[in-house]
Amino acid sequence: MKVHKKPAPGDAVDNPTGTLEVFMGNLSYDVNEENLQEHFEDCGKITNCKWLTDRDSGKFRGCGFIAFESAEAAGKAVGMNGQDVLGRPVKVDFAKGKSDGGKGGKGGKGG
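Report follows, based on the coordinates. Throughout this description, residue numbers start from 1 for each chain and increase along the sequence as written. For this predicted model, a pLDDT threshold of at least 70 governs which residues receive local features, and a threshold of 80 or more governs which side-chain atom pairs are given and counted, while totals over whole chains, interfaces and linings are taken from all residues. Based on all heavy atoms of the structure, the side-chain values leave hydrogens and waters out of the count.

### Overview of the overall build of the chain
Each helix is a run of DSSP H or I of at least 4 residues and each strand a run of E of at least 2, with the numbering of both proceeding from the N terminus. Counting its secondary structure elements, the chain contains two helices and six strands. In the chain, the succession of α and β elements from N to C terminus is β-α-β-β-α-β-β-β. Each of the 111 residues in the chain was classed as buried or not, and the buried ones make up 30%. Residue pairs in contact within the chain that sit at least 24 positions apart in sequence constitute 65% of those at least 6 positions apart. Taken as a whole, the chain presents about 7,800 Å² of accessible surface, with 48% of it coming from carbon and sulfur. The classification of residues rests on relative accessible area computed with a 1.4 Å probe and restricted to protein chains. Under 20% of the type maximum is buried, over 50% is exposed, and intermediate values are partly exposed. Residue contacts are counted whenever heavy atoms from the two residues lie within 4.5 Å of one another. To measure how exposed things are, a 1.4 Å probe is used in the Shrake-Rupley method; for residues, cover is taken only from the protein chains shown.

Written out as C-alpha cells, the structure reads:
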C-alpha cells in the first residue's frame, strides 16, 4: 500500500502532463512579473506571465497564467500553493487545456 504525504511548501508536485504553465489566483493587485519571480525563485525561472483582465474595464482580475522554464519548476510552483505573496495566500495549480479544443470563445454556454 502506497502512503501519500501532503507535500511541504516548495516540494515539487507530480506533473503528469508535463505542462510548463500554472494558474495563479488570489494575486495581489500590486503583483508584477519581477516580484513574482522573486517569490518563486527557488522553483525556477518564469518565462511568461499572462495576466487576466476584465473584458469590459481592462482591469486586472487578480489571476493569471505563469509559464516556467521546465515542468519540474511548474511542479515546484504548484507545491507552493497557499504561500503568502504580497500579503495574500496565492492559489497555484497546473493550467488545464481547453476541453473544447480551443473552438468557440464567443457565444453562450451551449445548448
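### Re the sheet that holds strand β6 (residues 91-94)
Strand order in the open sheet formed by four strands is β2-β3-β1-β6, with antiparallel pairing between adjacent strands. Of all strands in the sheet, those with a lone pairing partner are β2 (46-53) and β6, marking the two edges. Averaged over all adjacent pairs, the angle separating strand axes in this sheet is 25°, with direction ignored. An axis is simply a line fitted to the C-alpha atoms; with a helix, the fit covers only the stretch in contact. Between two such axes, the angle follows the N-to-C directions and lies from 0 to 180 degrees. Against the sheet, helix α2 (residues 71-78) makes contact with β1 (21-25), β3 (60-68) and β6, and its axis sits at roughly 145° relative to β6, the strand it touches most. Two strands make a pair as long as DSSP finds a minimum of two bridges between them.

### Describing the nonpolar core
Generally speaking, nonpolar side chains in soluble globular proteins are found buried as a group. The definition of a nonpolar core used throughout is a set of buried Ala, Val, Leu, Ile, Met, Phe, Trp, Tyr and Cys residues joined through side-chain atoms within 4.5 Å. Core analysis: the biggest nonpolar cluster contains 20 residues, and V22, M24, L36, F40, I66, F68 and V92 have the highest contact counts within it. The set of elements that each furnish at least two residues to this core consists of β1, β2, β3, α2 and β6. When residues in this core are grouped by element, the largest group, four residues, is from α2. Ignoring any residue separated from it by four or fewer positions in sequence, one finds V22 in contact with G64, F65, I66, F68, A74, V78, V92, D93, F94 and A95.

### Comments concerning the packing of aromatic side chains
Pairing of aromatic rings covers Phe, Tyr and Trp, the last counted by its six-membered ring, and requires centre-to-centre distances within 6.5 Å; plane angles under 30 degrees mean stacked, over 60 mean edge-to-face, and any other angle means tilted. Throughout the structure, instances matching the rule amount to four aromatic pairs. Centroid distance F40 to F68: 6.5 Å. Interplanar angle 70°. Geometry classified as edge-to-face. On the criterion of sequence distance, the pair formed by F40 in the loop between α1 (33-39) and β2 and F68 in strand β3 is long-range, its members being 28 residues apart. Pair check on accessibility: F40 and F68 agree, each one buried. Members of the aromatic cluster, connected to one another through ring pairs, are Y29, W51 and F60.

By themselves, these are just geometric observations and shouldn't be taken as functional.
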